[in-house]
2 protein chains.
Amino acid sequence: MDIILKHRSIRKYKSIEPEDEKISKILEAASRASTTGSMQVYSIVVTKDKEIRKQLWDSHFKQDMVLQAPVHLTFCADFNRFSKWCEQRSAKPGYDNYLSFLTGAIDALLAAQNAALAAEALGLGICYLGTVTWMADRFIEILKLPQLVVPVAALTIGYPDENPNLTPRLPVEGIVHQEVYSDYSPEDIDAIYQSLENMSETKQIIEENKQETLAQVFTLNRYKKADNQFFSQKFLNTLTQQGFMNNNED
Amino acid sequence: MDIILKHRSIRKYKSIEPEDEKISKILEAASRASTTGSMQVYSIVVTKDKEIRKQLWDSHFKQDMVLQAPVHLTFCADFNRFSKWCEQRSAKPGYDNYLSFLTGAIDALLAAQNAALAAEALGLGICYLGTVTWMADRFIEILKLPQLVVPVAALTIGYPDENPNLTPRLPVEGIVHQEVYSDYSPEDIDAIYQSLENMSETKQIIEENKQETLAQVFTLNRYKKADNQFFSQKFLNTLTQQGFMNNNED
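Residues numbered from 1 in each chain as written. Chains lettered and ligands numbered in written order. Predicted model: local features only at pLDDT ≥ 70, side-chain atom pairs only at ≥ 80, totals over all residues. Heavy atoms only, no water.

A. Highlighting the sheet that holds strand E4 (residues 149–158) of chain A. On the basis of which strands lie adjacent, the open sheet formed by five strands has the order E3(A)-E4(A)-E2(A)-E1(A)-E5(B) and mixed pairing. Lying at the two open borders of the sheet, with one neighbouring strand each, are strand E3 (125–128) of chain A together with strand E5 (176–178) of chain B. Ignoring which end each strand starts from, the neighbouring axes of this sheet average 25° apart. (Pairing = 2+ DSSP bridges. Helix = DSSP H or I, 4+ residues; strand = E, 2+ residues; numbered from the N terminus. Axes fitted to C-alpha atoms, helices over the stretch in contact; angles between N-to-C directions.)

What follows is the structure, encoded as structure tokens:
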């Protein structure tokens, strides 16, 4: 529980490589996560090779930590293994559809969070890379992912070379609803975002980005509508390309 | 780490209600999970009310544990709160697209796994309900989820009234790839599934379902192609209905 409450993303790593036994423990922890129907429809690619990590770095928008961290884990929705098994056992697999992608993605993400917490419990630091879905097509190429395999989470892992503060979070009441969803009034929104907006770090971010509000930093600098639309289409095309969009009876 | 390695899904619960402080701890743990760009684009609905849980149970294919477990958590991708905040802060939100749903879903699932592990650390048992994505449209109705909110995970929580064995898992090497993905040969598949297929429980399941192989139990009884296609279309329609499929420039 302490591990969970103390999580911070680590973006600077020591060059020392994590011990193999620790990596094994992390992967074992991942494999114990809940999985739909016990199917384990995900795969984990462990990348340590410097040349391959350089390619990953390039596609993760050249974020420094990807080059620095000695271990890179990519978690993929994977119905390739399961479908191959079906074919070898006189069973006709029917998992080339969107629901199967979603099922595999859920499996992969629960396993990823187990891995992240196990790494932290072993004294290592981690950072999730949101770019994994934006550039999924590139990671498919670099990591040679076959049909019915799509990456949904990526983690850098290594010994921390920084000791950042906890990242601010909205008050828990702001993200929790009792019994059913109670939609937010303007006053609710003000109350939920007040403490974040009053931080000196927030004011600095607004100034650096030459905006008037923190929300504008998100909509005009960080997560812009046109980019979101572009990457939406790109990801849906990737699902089609990887064989996960045969949703109609044939 | 021990908590992670000892996870089993609990499907029988005592009627005693978990203490409020434990539920608060679980929700706090959920809120500490990694989140894309610190946006926390998810919401958690905590349902204890018996009448509402009865409706949830009905839509979760009447699985007993939903009625039995005194607490039900539904984790939703949520860009409603964030978009409302943007609008109140002179910023035009652009999050009505598929990438935003995927981002919210990832946030929600990492938070869900934190909640699951926190519950187990506090002596409670949990079970994920895969039916949450199959029947997302119904949960949107029951839980009154507004536009830009879609459920992606559901957990039953309560004190365990059973002590099941660990669920079998494929050997870790079977789900892990070194450096890049190495596709499976027929021999690999045989080796990976051998121990699962040799279990007496497996043989019993095959017999009960009147099939010849375990794979046939999956393709012909549990996760059938026609069902997968039906629920794929249903879920994609739900994304459209909830406002997450405006992927083209307007």
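B. Structural context of the packing of aromatic side chains. Per the counting criterion, the structure on display carries 37 aromatic pairs over all chains. A ring pair is formed by A:Phe61 and A:Trp134, whose centres lie 5.5 Å apart and whose planes are at 65°; its orientation type is edge-to-face. Placement of the pair is A:Phe61 in the loop between helix H3 (50–59) and helix H4 (64–68) and A:Trp134 in helix H7 (residues 131–134), with a sequence separation of 73 residues. A relative accessible area of 41% means that A:Phe61 is categorised as partly exposed. Measuring from centroid to centroid gives 6.1 Å for A:Tyr98 and B:Phe235, while their planes differ by 20°, and the two rings are stacked. Residue A:Tyr98 is found in helix H6 (residues 98–121), and its partner B:Phe235 is found in helix H13 (residues 225–241); the two belong to separate chains. Taking NZ or CZ as reference, A:Arg222 lies 5.2 Å from the ring centre of A:Phe218, over its face. (Phe/Tyr/Trp six-rings, centres within 6.5 Å; stacked < 30°, edge-to-face > 60°. Buried < 20%, exposed > 50% of the residue type's maximum accessible area, 1.4 Å probe, protein only. Lys NZ or Arg CZ within 6 Å of the ring centre and 35° of its normal.)

C. Spatial organisation of the pattern of salt bridges. Counted under the stated rule, the structure contains 18 salt bridges over all chains. Where A:Asp137 meets A:Lys234, a salt bridge forms, and the shortest distance between an N and an O atom there is 3.0 Å. One end of the pair, A:Asp137, is in helix H8 (residues 136–142); the other, A:Lys234, is in helix H13 (residues 225–241), with 97 residues separating them in the sequence. As a salt-bridge pair, B:Lys62 and B:Asp58 come within 3.1 Å of each other at their nearest N and O atoms. A cluster of three or more residues bridged by salt bridges with shared partners is formed by A:Arg89, B:Asp190 and B:Glu197. (Salt bridge = Lys/Arg side-chain N within 4 Å of Asp/Glu carboxyl O.)

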